[in-house]
Amino acid sequence: MTHSLTKPAAESDARTVRSIPGEPGIWLVIFGDFAAFSALFVTFMFYRGQSPETFASGLSVMNVNIALANTLVLLTGSLAVVQAVGAYKMRDAAAADRAALVAILCAATFLVLKSVEYWQKITQGFLPNTNTFFTLYYTFTGLHFVHVIFGIGILIYLRAVMKRQVPDTHDLKVVESGGIFWHLVDLLWIVLFALFYLVYS
Amino acid sequence: MMNSSPVGYVPRRVLTVWSLLVGFTIVTWLIGTDHLFSPTTATAVVLALAFAKVRFVGSDFMELRHAPRPMGLAFDGLLLAVYIALMAMYALY
C-alpha cells in the first residue's frame, strides 16, 4: 500500500486551507527576480521609444518561429514539472523521475534552439554592439539563458531528491520550491517573447 | 457532470490552463506577426495576453491560487503595475 505525501490533486483542488507553496524563501527569489526583470522590461520600452526605427528594424530580423517553438517547449516543460511534483506527492517515484527527465529535455531543447538563434544572428552580423535593440536582446535573453541552465541544475538535483528511498520530511518543500523556480523561468520567457518578437515599433 | 479527475498526476484544471496558454501563445504570435491592428492596439493586446499567461502560470503552475490571499494579491498587483508601466512607456515615448 502506498501513502501519498499530500492529498490527491483533485481533492487538493477543493481544499480551503491556504498554505504557502514550497519554502517561503523561494518566494523572495520569485518576487525579487520578477521585479528585477520587470525593471529590464520597462528599460526595453523606454529605449524603444527613444529609437523606434532601430527597434522596428531589429524586430524585422528576429526569428519568431524559433521563439514560438521555444515558448511551446518551455510551457511543455512546465507541465512536465507539474506532473513530476504531483507524482512525487503520490509517492510514484518512477513517474516523478520520468516527468523530471522530460522537463530537463525540454530545457535542453530550449538551449539548443536559442543557441541556433544566437548563431544565426551573429553570422548575419547582428552583435551585442550593433545597436540598442541587440544590446538589450543579448543582455536580457542571455540572463534568461543562464536561468534555464540554473533550472536544469535544480531539476537534476530534484531527480536525486525524488529517488530517495526514505524521504526527509523537508523533501516535499524542496521539490515544490524547485518546481516553482522552474515555472519562473517559463514565466520570464513569456514576457521576453512578447517584447522582443511581437511588440510593434 | 464535468470530469475533474487528474490526467496522470496533473489536475485536469492545470491541463486546461496549459491548453489555454498554448492557445494564447498562438494568438499573440498571429497578432504580432500579421500586423492586422494598429501598433498600439496590437501591443496592448499582445502584452495583455502575455500577462494573462503569466498570471495563469502563477496561479495554477506555481499554485498561488492555494496560497494565502495576500501573496496572490501581491503577484496580481505586480503584474498589473508592470503592464501599466509598459503601456505608459509605449504610449508616452
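Just so it is clear, the model here is predicted, and its values are computed rather than measured. (Residues numbered from 1 in each chain as written. Chains lettered and ligands numbered in written order. Predicted model: local features only at pLDDT ≥ 70, side-chain atom pairs only at ≥ 80, totals over all residues. Heavy atoms only, no water.)

**Some thoughts on the overall build of chain B**
And step 1. The number of helices and strands found in chain B is three helices and zero strands.
And step 2. Since a compact globule built from 93 residues should have a radius of gyration of about 12 Å, the 16 Å found for chain B marks it as more spread out than a globular shape.
And step 3. With the C-alpha coordinates aligned to their principal axes, the bounding extent of chain B is approximately 45 × 35 × 20 Å.
And step 4. Classification of the 93 residues of chain B by burial places 39% in the buried group. (Helix = DSSP H or I, 4+ residues; strand = E, 2+ residues; numbered from the N terminus. Rg over C-alpha atoms; globule rule 2.2 N^0.38 Å. Buried < 20%, exposed > 50% of the residue type's maximum accessible area, 1.4 Å probe, protein only.)

**Observations regarding empty space enclosed by the protein**
Residues and elements named next belong to chain A.
And step 1. Under the criterion given, the structure shown has one cavity of 30 Å³ or more.
And step 2. Surrounding the largest cavity, Val81, Ala84, Val85, Ala100, Leu155, Leu158, Met162 and Val175 form its lining.
And step 3. Of all the secondary structure elements, the ones that give two or more residues to the lining of the largest cavity are α4 (64-89) and α6 (132-162).
And step 4. Of the residues belonging to the lining of the largest cavity, the class tally is eight nonpolar, no polar and no charged. (1 Å grid on protein atoms, 1.4 Å probe; cavity = no way out; pocket = protein on both sides within 12 Å on 5 of 7 lines; lining within 4 Å. Points joined across faces, edges and corners; volume = space filled by probe spheres on them. Nonpolar A, V, L, I, M, F, W, Y, C, P; charged D, E, K, R; others polar.)

**Quick look at the side chain of Asp33(A)**
And step 1. Relative to the assigned elements, Asp33(A) resides in helix α2 (residues 24-50).
And step 2. It turns out Asp33(A) is buried and unbridged, and the closest side chain with the opposite charge, Lys114(A), is 17 Å from it. (Lys, Arg positive; Asp, Glu negative; His and termini not counted. Salt bridge = Lys/Arg side-chain N within 4 Å of Asp/Glu carboxyl O.)

**Digging into the nonpolar core**
And step 1. Of all hydrophobic cores here, the largest spans 96 residues; its most connected members are Phe41(A), Phe44(A), Met45(A), Leu187(A), Leu195(A), Phe196(A) and Tyr197(A).
And step 2. For this core, the elements supplying multiple residues, two or more each, are α2, α4, α5 (93-123), α6 and α7 (171-198) of chain A together with α1 (12-34), α2 (39-61) and α3 (69-92) of chain B.
And step 3. No other element matches α7(A), which puts 20 residues into this core.
And step 4. Setting aside residues up to four positions removed in sequence, Tyr197(A) forms contacts with Leu59(A), Met62(A), Asn63(A), Val64(A), Ala67(A), Lys114(A), Glu117(A), Tyr137(A), Trp189(A) and Leu192(A). (Core = buried A, V, L, I, M, F, W, Y, C linked by side-chain atoms within 4.5 Å. Contact = heavy atoms within 4.5 Å.)

**Regarding the pattern of salt bridges**
And step 1. Scanning the model with the defined rule gives nine salt bridges over all chains in all.
And step 2. Ionic pairing is found between Glu63(B) and Lys89(A), a salt bridge with its closest N-O pair at 3.4 Å. Linking Glu63(B) in the loop between α2 and α3 with Lys89(A) in helix α4, this pair reaches from one chain into another.
And step 3. Salt-bridge contacts for Asp76(B) lead to Arg55(B); the nearest nitrogen and oxygen are separated by 3.0 Å. Remark: Arg55(B) occurs in helix α2 and Asp76(B) occurs in helix α3; sequence separation between them is 21 residues.
And step 4. For Arg55(B), a relative accessible area of 42% translates into the label partly exposed.
And step 5. Taken together, the shared-partner salt bridges in this structure form one network comprising Lys89(A), Glu176(A) and Glu63(B).

**Notes on unusual backbone geometry**
With the exception of glycine, most residues fall at negative phi, and the peptide bonds are largely trans.
And step 1. Although it is not a glycine, Arg91(A) sits at a positive phi angle of roughly 65°.
And step 2. Position of Arg91(A) relative to the elements: it lies in the loop between α4 and α5.
And step 3. Not every positive phi belongs to a glycine, and Glu63(B) is a case in point at roughly 65°.

**Considering the interface of chain B and chain A**
And step 1. Each partner contributes residues to the interface: chain B has 55 residues there, and chain A has 51 residues.
And step 2. Carbon and sulfur atoms supply 76% of the area that chain B and chain A bury against each other, a total of about 4700 Å² over both sides.
And step 3. Contact with chain A buries surface across chain B, with Tyr9(B), Met62(B) and His66(B) losing the most and accounting together for 18% of the total.
And step 4. The tally of links between chain B and chain A comes to one salt bridge.
And step 5. Scanning the region where chain B abuts chain A turns up nine residue pairs in polar contact (both at pLDDT 80 or more).
And step 6. Listing elements by their share of the side of chain B that touches chain A, those giving two or more residues are α1, α2 and α3 of chain B.
And step 7. Per-element accounting of the side of chain B that touches chain A gives the leading share, 14 residues, to α1(B).
And step 8. Its residues placed into classes, the side of chain B that touches chain A shows 39 nonpolar, 10 polar and six charged. (Buried area = accessible area lost by both parts, 1.4 Å probe. Polar contact = N/O pair within 3.5 Å; in protein donor to acceptor, adjacent residues only side chain to side chain.)

**Things to note about the environment of Arg18(A)**
And step 1. Mapping Arg18(A) onto the fold places it in the loop between α1 (9-13) and α2.
And step 2. For Arg18(A), a relative accessible area of 33% corresponds to the partly exposed category.
And step 3. Discounting residues that sit within four places of it in the chain, Arg18(A) has contacts with Arg65(B), His66(B), Ala67(B), Pro68(B) and Arg69(B).
And step 4. Here Ala67(B) takes part through its backbone oxygen, which lies 2.8 Å from a polar atom of the side chain of Arg18(A).

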